[in-house]
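# Residue-level structure breakdown
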Amino acid sequence: MSNQKLVSAYIIDDNLDAIEVLARMLENNYSVKVIGKATDAETAVREVIEMDPDLIFVDVELPSMSGLEFCTLIRNEVKPETKVVFYTGHDKYLLDAIRREAFDYLMKPATEQELGQIMTRYYENKLAGIPQAAQHANQHLPIILVVNAKNEHLTMQLGDIAFFRYNQDRKLWEVVCADNSCYVLRHRTTADVILNYSEDFVQIHKRYIVNINHIKMIQDNTCILSEPLEENRELRISKNYRAGLMAVFYSL
């Protein structure tokens, strides 16, 4: 497990104060590293291609070249998963932004709520694409992003994870690691999202999803895990999921 900046961003705006405000909001709240800033699109083109950021925030009305023209120009020069967010004080460009396949549209002045919605959507979109990338590379890459209580994003390897548990009081999913540490997944994470992380995750109950590699034995209607979690007896198997679990377990 590692604690790191997960997302790189580049901001283009002819207003330096607006750049600094957005950069602080991103770096202080969303584990983003702003790797570049520019006040005009022509300067930004070369740097964006060289730096290859994950996220680009670009104002629409810029000197020498509009943000819309910039988006069209760099679209085939950056990696396909790079997301562009138009950042402007005018909503009249919304339709043009959609036509240029912009990821989202942020109105000035940015609010924590609006930026938070964009970043939540970004991370969910990023998660949805990670399993396919890992399979393509034919190796176990960090596949899960966990937001802890300090708003830090952690990456986890598949083997770190023992099981997922739905916390009914808080109405969100938690991940329990092999070392018995527990982290809260961000809101709107569903069982389907978790199951899409890896084929090794199997649902055994509406509240539990288990990493099949950590199951030591199935005793009656309970999954017994390997050390050091062998004393855990909460992983009850629902009859609705038992057949699927047994099929996967016996195919190991």
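Residues numbered from 1 in each chain as written. Predicted model: local features only at pLDDT ≥ 70, side-chain atom pairs only at ≥ 80, totals over all residues. Heavy atoms only, no water.

## Section: helix α1 (residues 16–29)
Here α1 contains 14 residues, and its C-alpha end-to-end distance of 20 Å stays within 8% of the 20 Å for a straight helix at 1.5 Å per residue. A18, I19, L22, A23, M25 and L26 are the residues of α1 that are buried. Considered in projection along α1, the buried side chains sweep an arc of 160° and stay on one side of the axis. Exposed and facing more than 90 degrees away from the buried side of α1 are L16, D17 and N28. A side-chain oxygen of the first residue of α1 lies 2.9 Å from the backbone nitrogen of D17; this N-cap is N15. Taken from the residues just after α1, S31 is the one with a positive phi, measuring 50°. (Helix = DSSP H or I, 4+ residues; strand = E, 2+ residues; numbered from the N terminus. Expected span 1.5 Å × (residues − 1). Buried < 20%, exposed > 50% of the residue type's maximum accessible area, 1.4 Å probe, protein only. Arc of directions from axis to C-beta. Polar contact = N/O pair within 3.5 Å; in protein donor to acceptor, adjacent residues only side chain to side chain.)

## Some remarks on the sheet that holds strand β3 (residues 32–38)
Strand order in the open sheet formed by five strands is β3-β2-β4-β5-β6, and the pairing between neighbours is parallel. Every interior strand has two partners, whereas the edge strands, β3 and β6 (104–107), have only one. Direction aside, neighbouring strands of the sheet carry axes that sit 25° apart on average. Where strand β2 (residues 7–12) and β3 come together, six bridges link them in parallel fashion. Along β3, the bridge assignment pairs I11 with K37. Here helix α2 (residues 41–51) sits on the sheet in contact with β2, β3 and β4 (55–58), set at roughly 165° to β2. Along the sheet, helix α3 (residues 67–74) makes contact with β2, β4 and β5 (83–88), crossing β5 at roughly 170°. (Pairing = 2+ DSSP bridges. Axes fitted to C-alpha atoms, helices over the stretch in contact; angles between N-to-C directions. Contact = heavy atoms within 4.5 Å.)

## Considering the confidence of the model for the protein chain
Within the protein chain, residue pLDDT values average 81, and 80% of them lie at 70 or more. Scored below 50 in pLDDT, residues 1–5 makes 17 contacts in the model with residues more than four places away or belonging to other chains. Every residue in residues 130–142 scores below 50 in pLDDT, and together they form 14 contacts with partners more than four places removed in sequence or on other chains. (pLDDT = per-residue confidence, 0-100.)

## Focus on the environment of E69
Relative to the assigned elements, E69 resides in helix α3. The exposure class of E69 is partly exposed, given its relative accessible area of 42%. Each C-alpha atom, one on E69 and one on A41, is 8.8 Å from the other, the two residues being 28 residues apart in sequence.

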